[in-house]
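Spelled out from the first residue to the last, the chains are:
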Amino acid sequence: GKNYHPENVKKILESLEFELIKESADALRVSPPFSKMDILIPADVVEEILRIDGLDEVQIPGTITFSPSRNENAVSENLIEKLSGFFVANGFNEIVTNSLTNVAYFSEEEIKNAAQPLNSLSNELNILKPNMLPTALEAISFNTKRKMQDIKFFELGKTYCQPGKKYAEAEHFCVYVSGFDVRNDWHASSRQVDLYDIKGFIQAMGDVCGIKKISIENPGIGYFGKRFEMVSNKICLGKMTFVNEDYLKKFDITQPVYFIDFLVEPILEIIKKQTITYSEIPKYPTASRDLAILTKEQTSYAQVEDAVLKLGISTLQEVHLFDVFRSEKLGDGKKSYAANFTFCDAETTMTDNTIDKTTQQIIQAIEMETGSEIRKS
């Protein structure tokens, strides 16, 4: 920030008892006095000159240049921060469990490819965890034994394996839920957490990540209990498990436990491909229609919704299931879905005639795709 005349530099250094060894047109070679043991590099000599001349003598520049740093993990860190913030806001607590755990918790298949230390710390800590669940169940057991039965935990952690000679690790974002969602109150009856609450958490996680739809597919029985895959656009994002009672007995847990295990890597891959678009808030009012859909017991609501969404109706804003009705009056193996359809046109107010035509399209699609019929009364 300041150019010094060579004579001024020499004066300052000589006053500080520096010895002038060599002088040329554009350089000085000096030797510091023995009293100044902190003078090791040229920058230290510059600091001495600035100190004596005065830092106030250096003019503040009109512009500042700098090189911005690049955080290659920014997308991952933002995702974890958003998910953590969401679950904390919804009454969850974060847990951090040990990477080392007990080999007795796992199936032979998992142990076969597990990463095991050559010199284990103890018999209870003799494997790097191939699954996130067992260490979390230890934390759940610890809490339930101390009268903390309503569990809402989330955890960011890694699992480890050794397929062949190479080691591998995978990052997970896990959610563990057990106990009551609502306890007895003056205006509400107690209600235990159920599968629909868990599906709600999964969909909410998808909303936070910007993943519009996550379907629950491929039910099966695993070592830890009944499990389902969480799928979006044919990509498996992880698994949801209803932990079986026999496995819970190993941890002295007597209440149901639900386990949501999201793999961070496939979620990041989806997020990186996303394009964020902004649109103006509609100036025109929304309109809605309700339909009662009589269908077979084996027809899922997802099939009905997919039949509607395939139409690609631009004015259809939302499809919402608000009731499922079963009765002998409907007939054997029959049920009725009650769904609400919300419409809005960004360009104009929708007329009843337009809405009725669009609704008729929806009815035809549902009837053709799912073999259902619309209840008239």
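Conventions adopted
- Residues numbered from 1 in each chain as written.
- Predicted model: local features only at pLDDT ≥ 70, side-chain atom pairs only at ≥ 80, totals over all residues.
- Heavy atoms only, no water.
- Helix = DSSP H or I, 4+ residues; strand = E, 2+ residues; numbered from the N terminus.
- Expected span 1.5 Å × (residues − 1).
- Buried < 20%, exposed > 50% of the residue type's maximum accessible area, 1.4 Å probe, protein only.
- Arc of directions from axis to C-beta.
- Contact = heavy atoms within 4.5 Å.
- Salt bridge = Lys/Arg side-chain N within 4 Å of Asp/Glu carboxyl O.
- Lys, Arg positive; Asp, Glu negative; His and termini not counted.
- Polar contact = N/O pair within 3.5 Å; in protein donor to acceptor, adjacent residues only side chain to side chain.
- Phe/Tyr/Trp six-rings, centres within 6.5 Å; stacked < 30°, edge-to-face > 60°.

Examining helix α10 (residues 352–370)
Right, so step 1: Over its 19 residues, α10 extends 27 Å from the first C-alpha to the last, a length consistent with the 27 Å expected when each residue adds 1.5 Å.
Right, so step 2: The complete set of buried residues in α10 reads I355, T358, T359, I362, I363, A365, I366 and T370. Viewed along the axis of α10, the buried residues span an arc of 165°, placing them on a single side of the element. The exposed set on the far side of α10, more than 90 degrees from its buried face, consists of N353, K357 and M368.
Right, so step 3: The inward-facing, buried residues of α10 contact β14 (287–296), α9 (301–309), β16 (334–343) and β17 (373–374).
Right, so step 4: Looking one or two residues beyond α10, the residue adopting positive phi is G371, at roughly 70°.

As for the pattern of salt bridges
Right, so step 1: Counted by the stated rule, this structure contains 19 salt bridges.
Right, so step 2: When the shortest N-O distance is used, the salt bridge between E305 and K213 registers 3.6 Å. With E305 in helix α9 and K213 in the loop between α6 (195–209) and β10 (215–221), this pair connects stretches of sequence that are 92 residues apart.
Right, so step 3: Residue E305 is classed as buried on the basis of its relative accessible area, which comes to 17%.

Examining the side chain of D261
Right, so step 1: Mapped onto the elements of the fold, D261 is located in strand β13 (residues 257–263).
Right, so step 2: Buried charge D261 goes without a salt bridge, the closest partner of opposite sign being K239 at 7.8 Å.
Right, so step 3: Reaching out from D261, the side chain makes a polar contact with the side chain of H172 at a distance of 2.8 Å.
Right, so step 4: If we skip the residues at most four places from it in the chain, D261 touches H172, F173, C174, M230, L237, G238 and K239.

Considerations on the packing of aromatic side chains
Right, so step 1: Per the stated rule, a full pass over the model turns up 14 aromatic pairs.
Right, so step 2: Ring plane angle 85° and centroid distance 5.2 Å describe the contact between F92 and F201, whose orientation is recorded as edge-to-face. Here F92, found in the loop between α3 (74–89) and β3 (93–94), pairs with F201, found in helix α6; they are 109 residues apart in sequence, far enough to count as distant.
Right, so step 3: Using a relative accessible area of 13% as the deciding quantity, one classes F201 as buried.
Right, so step 4: On the basis of an interplanar angle of 40° and a centroid distance of 4.8 Å, the ring pair of Y105 and F251 is categorised as tilted. Of this pair, Y105 sits in the loop between β4 (100–101) and α4 (108–112) while F251 is found in the loop between α7 (245–249) and β13, placing the two residues 146 residues apart along the sequence.
Right, so step 5: Residue Y105 is classed as buried on the basis of its relative accessible area, which comes to 14%.
Right, so step 6: Here F251 falls in the buried class, since its relative accessible area comes to 4%.
Right, so step 7: Clustering of aromatic rings is evident, with ring pairs tying together F86, F87, F92, F154, F173 and F201.

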